[in-house]
Amino acid sequence: MAYMKQGGWLSDGDAEGLVYIDTFGEFGEVEAGRYHLYVSYACPFAHRPLLTMQLMGLQNKIGFSSVSPFTYEGSWKFDKDYPDHNLGERCLLDVYKRAKADYSGKITVPVLWDNASNTISSNDSLGISIWLAEAWDSVKESDVDLLPSDQREAILSRCEWINDNINVAVYRAGFSRQQDEYEKSALEVFDTLAALDAELSTKRFIMGNRLTLADVCLFPSLIRFDSVYYIHYKLNKQLLSQFPNLWGYVLDMMQLSACRDTSPQDYFKQHYFSAQTDINPNKIIPIGPTIDWDSEQSAALVAQRQSM
Ligand SMILES: N[C@@H](CCC(=O)N[C@@H](CS)C(=O)NCC(=O)O)C(=O)O
């Protein structure tokens, strides 16, 4: 496991006994141009604040950079195709070091950098998304309300459920080291997908007819399913595209530029298949699948969802 220990880099260290000193989590004032969001397009957790920002139309107020799909010494790096547009650093660990020279912990995305206080505001994907949805509501340039106050608690509890049963559950299956552990985790994922498919047969979004943070948490795992998780994590009982309601939901979401622009399938595959070498030691990137988001069949499913 790669991480930092009191400012030193351990590309393959034993994390036992590591004291995680995580002092991030302070957001400053809402100010255009002040913050920069670091993500990897591959990471479903980083996808949350990136989607939130784009769905709210905050692209002109908050910048973002994606790290390269390819890692260096087991950690996130920038390169000429995926540069750090804010600080010009070469690796994400340098951004963490700027914030805290003796940082101990993992170098994870997302990171929200505050240019005014010259530090990391937060590296917690849901925390950043909630802050964006609430604190930036009055300056947003779209009419979505991702965290309406009348449903706040219900939405956040749904986000937590989606996190445990989908977002993290697919990794549990994919990184299993025992047959029985894998089978149990993989079957749990498919039970959850079946339940969600049934749920979405009567409503367009998770909370009914409005798009909320619950969808911002669910969509990132679904959009990676057929191109990555199905083969890489051996979640191959069924393709997501074989669940009619879940697939219609994904196609419907993909009509939004915020979803389409932040879901590069080739990048997803480049990262997962090249970086997670425990699972795919030869780093072979599969040739498929080819997904046509705009076929006639897709358009018919989208029309059906949009009339719900
Ligand atoms: N608690 C974090 C978790 C994010 C996370 O797990 N990010 C992964 C990528 S999907 C990461 O950066 N991993 C790097 C590592 O573990 O070294 C959040 O939700 O914001």
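Reading the values: the criteria
Along each chain, residue indices are assigned from 1 in the same order as the chain's sequence is written. Whole-chain, interface and lining totals are the exception, using all residues; otherwise, since this is a predicted model, local features are given only for residues with pLDDT of at least 70 and side-chain atom pairs are given and counted only at 80 or more. The side-chain numbers reported here are obtained from all heavy atoms of the structure, hydrogens and water having been left aside. A molecule or strand has a residue near it when one of that residue's heavy atoms lies within 4 Å. As used in this structure description, the phrase polar contact means that two N or O atoms lie within 3.5 Å; if the pair is within protein, one of them must be able to donate a hydrogen and the other to accept it, and residues adjacent in sequence are counted only when both atoms belong to side chains. The method behind every accessible area is Shrake-Rupley, applied with a 1.4 Å probe, and residues are considered shielded solely by the protein chains displayed. Each residue is assigned to one class: nonpolar for Ala, Val, Leu, Ile, Met, Phe, Trp, Tyr, Cys and Pro, charged for Asp, Glu, Lys and Arg, and polar for all the others, Gly among them. Numbered from the N terminus, helices here are DSSP runs of H or I no shorter than four residues, and strands are runs of E no shorter than two. In what follows, a contact means two residues having at least one pair of non-hydrogen atoms within 4.5 Å. Nonpolar core, defined: a set of buried Ala, Val, Leu, Ile, Met, Phe, Trp, Tyr and Cys residues in which side-chain atoms within 4.5 Å join the residues together. For every residue, the accessible area (1.4 Å probe, protein chains only) is compared with the maximum for its type, and the residue is labelled buried under 20%, exposed over 50%, or partly exposed between those bounds. The split into domains, and so the bounds of each, comes from an automatic or database assignment of domains. Basic side-chain nitrogens of Lys or Arg form a salt bridge, by our definition, when they fall within 4 Å of a carboxyl oxygen of Asp or Glu. We treat two strands as partners when DSSP finds at least two bridges between them. Two rings from Phe, Tyr or Trp (for Trp, the six-membered ring) form a pair when their centres are within 6.5 Å of each other. A pair whose planes differ by under 30 degrees is stacked, one over 60 is edge-to-face, and the rest are tilted. Throughout, the arc means the angular range of directions from the helix axis out to the C-beta atoms.

Undergrad: Honestly, the site of the ligand in this entry has me stumped. Any pointers?
TA: Near the ligand the following residues occur: Cys43, Phe45, Trp76, Lys106, Ile107, Thr108, Val109, Pro110, Asn123, Asp124, Ser125 and Tyr171. The side chain of Lys106 places a nitrogen or oxygen atom 3.2 Å from an oxygen atom of the ligand. One nitrogen or oxygen atom from the main chain of Asn123 is found 3.3 Å from an oxygen atom belonging to the ligand. Protein burial of the ligand: of its 510 Å² of free accessible surface, 70% is covered by the chains. Residues of the shell around the ligand, tallied by class, amount to seven nonpolar, three polar and two charged.

Undergrad: I would appreciate a short explanation of the environment of Ala195 in the present structure.
TA: Its location among the elements puts Ala195 in helix α6 (residues 179-199). Separated by 90 residues in sequence, Ala195 and Gly105 place their C-alpha atoms 36 Å apart.

Undergrad: Before we go on, may I ask you to explain the side chain of Glu89 in this structure?
TA: For Glu89, the position within the fold is in the loop between β4 (63-66) and α2 (92-99). For Glu89, the side chain forms a polar contact with the side chain of Arg98, separated by 2.6 Å. Glu89 has contacts with Phe78, Asp84, Asp94, Val95 and Arg98, leaving out every residue within four places of it along the chain.

Undergrad: Sorry, what's going on with the nonpolar core here?
TA: Across soluble globular proteins, you tend to see nonpolar side chains buried next to one another. Among the nonpolar cores identified, the biggest contains 91 residues, and Leu92, Leu193, Leu235 and Val250 are the most heavily contacted of them. Examining the composition of this core, we find that eight residues originate from one element, helix α7 (residues 213-223), more than from any other. Two domains share this core, each providing at least three of its residues, namely domain 1 (3-139) and domain 2 (149-306). If near-sequence neighbours (up to four positions away) are discounted, Val250 is found in contact with Phe219, Leu222, Ile223, Leu240 and Trp293.

Undergrad: Help me understand the domain arrangement of the protein chain, please; the structure alone is not making it clear to me.
TA: A common way to state how big an interface is: give the accessible area lost once the parts meet. Looking at the assigned domains, one finds that the protein chain contains domain 1 (3-139) and domain 2 (149-306). Each partner contributes residues to the interface: domain 1 has 25 residues there, and domain 2 has 31 residues. The tally of links from domain 1 across to domain 2 stands at one salt bridge. Of the charged contacts in the structure, one is a salt bridge between Arg152 and Glu134, with a shortest N-O distance of 2.6 Å. The interface formed by domain 1 and domain 2 contains 13 residue pairs in polar contact (both at pLDDT 80 or more). For the side of domain 1 that touches domain 2, the elements supplying multiple residues, two or more each, are α1 (47-55) and α3 (125-135). For the side of domain 1 that touches domain 2, the class distribution of residues is 15 nonpolar, eight polar and two charged.

Undergrad: Any chance you could explain the pattern of salt bridges here in plain terms?
TA: Any two side chains of opposite charge can pair, given that their charged atoms come close. This model, assessed by the stated rule, comprises 16 salt bridges. The partner of Asp252 in a salt bridge is Arg204, with the nearest N and O atoms 2.8 Å apart. A residue pair is termed long-range when its members are at least 10 positions apart, and Asp252 in helix α9 (residues 244-253) and Arg204 in the loop between α6 and α7 qualify at 48 residues. The buried category is assigned to Asp252, whose relative accessible area is 3%. Each of Glu31, Arg34 and Asp114 takes part in one network of salt bridges that share partners.

Undergrad: How do you make sense of the environment of Val111 when you look at a structure like this?
TA: Tracing the sequence through the fold places Val111 in strand β5 (residues 111-114). Overall, Val111 belongs to the buried group, its relative accessible area being 0%. It is 32 Å that separates the C-alpha atoms of Val111 and Asn236, two residues lying 125 residues apart in sequence. With residues near it in sequence (within four places) discarded, Val111 still touches His36, Leu37, Tyr38, Leu92, Val95, Tyr96, Ile120, Ser122 and Asn123.

Undergrad: Please explain the pairing of β5 as it appears in this structure.
TA: Both faces of the sheet carry side chains from a regular strand, because those side chains alternate between them. Residue alternation in β5 divides its side chains into two sets, Val111 and Trp113 and Leu112 and Asp114, and both sets are buried. Looking at chain direction, strand β3 (residues 35-39) and β5 are connected through four bridges and run antiparallel. Bridging across to β5, Tyr38 finds its partner in Val111. As defined by bridge partners, β5 adjoins strand β6 (residues 119-122) across three bridges and the pair is classed as antiparallel. Bridge pairing in β6 links Leu112 to Ser122.

Undergrad: Quick question: what am I supposed to make of the packing of aromatic side chains here?
TA: The way to describe two aromatic rings as a pair is by their centre distance and the angle between their planes. Under the defined criterion, the tally for this structure stands at 22 aromatic pairs. When the ring of Phe24 is compared with that of Tyr96, the centres are 6.0 Å apart and the planes differ by 75°; the resulting orientation is edge-to-face. Placement of the pair is Phe24 in the loop between β2 (8-10) and β3 and Tyr96 in helix α2, with a sequence separation of 72 residues. The buried category is assigned to Phe24, whose relative accessible area is 14%. Taking the centre distance of 4.9 Å and the plane angle of 50° together, the rings of Tyr96 and Tyr103 count as tilted.

Undergrad: How do you make sense of α2 when you look at a structure like this?
TA: Quick reminder: α-helices carry 3.6 residues per turn. Residues three or four places apart thus point the same way. Among the residues of α2, Leu92, Leu93, Val95 and Tyr96 are the ones counted as buried. When α2 is viewed along its axis, its buried side chains cluster within an angular range of 155° and face the same direction. At its buried positions, α2 is contacted by β1 (3-5), β2, β3, β5 and β6.

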